[in-house]
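# Observations on the model geometry
Okay, here's what each chain looks like letter by letter:
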Amino acid sequence: MKAISTNLAPGAIGPYSQAIRTANLIFVSGQLPVDPSTGNFVEGGIKALTRQSLLNIQHILETAGTDMSHVVKTTVFLADTADFAEMNEIYAGFFTAPFPARSAVAIKTLPKNARVEIECIAEI
């Protein structure tokens, strides 16, 4: 295993890595909508928050030597399922066919009371 880390995404807030590479797979930890330059959530609604979570993933994947076109599975955690349609609108702009497999689940409380968190698995 090899840890992947970049300053272009927020650092881990606990005992975990931004991502781990094993063989030809990258496992990206859940990304909150944190702007790495400020350490705070980006301002705006669920669209802005979703975009930031996905940008964080994109930067981690690029550091690992791959990109969003190699994502095979994502999991989206939402604090409110009423945000699903707007999240999905932004999400769709980051992927092309064949789209990755995805789970989207509602979570009572996310870390730091976030509204969205996204994790993924990608190929190298």
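Up top is the structure these notes are about.
This write-up is about the structure you can find in this document. From a predicted model like this one, the values you see are computed outputs, not experimental measurements. (Residues numbered from 1 in each chain as written. Predicted model: local features only at pLDDT ≥ 70, side-chain atom pairs only at ≥ 80, totals over all residues. Heavy atoms only, no water.)

### Digging into the side chain of Gln-18
By the element assignment, Gln-18 lies in the loop between strand S1 (2–4) and strand S2 (19–22). Classification of Gln-18 by relative accessible area gives buried; the value is 5%. One polar contact links the side chain of Gln-18 to the main-chain carbonyl oxygen of Ala-9, over a distance of 3.2 Å. Not counting the four nearest positions on each side in its chain, Gln-18 is found in contact with Ile-4, Ser-5, Thr-6, Ala-9, Pro-10, Gly-11, Phe-27, Val-28, Ser-29, Gln-31 and Ile-60. (Helix = DSSP H or I, 4+ residues; strand = E, 2+ residues; numbered from the N terminus. Buried < 20%, exposed > 50% of the residue type's maximum accessible area, 1.4 Å probe, protein only. Polar contact = N/O pair within 3.5 Å; in protein donor to acceptor, adjacent residues only side chain to side chain. Contact = heavy atoms within 4.5 Å.)

### Some details on the layout of surface pockets
Empty space within the largest pocket amounts to approximately 190 Å³. Lining the largest pocket we find 14 residues, and of these Pro-10, Gly-11, Ile-13, Tyr-16 and Leu-32 sit closest to its centre. (1 Å grid on protein atoms, 1.4 Å probe; cavity = no way out; pocket = protein on both sides within 12 Å on 5 of 7 lines; lining within 4 Å. Points joined across faces, edges and corners; volume = space filled by probe spheres on them.)

These figures come from the coordinates and say nothing about function on their own.
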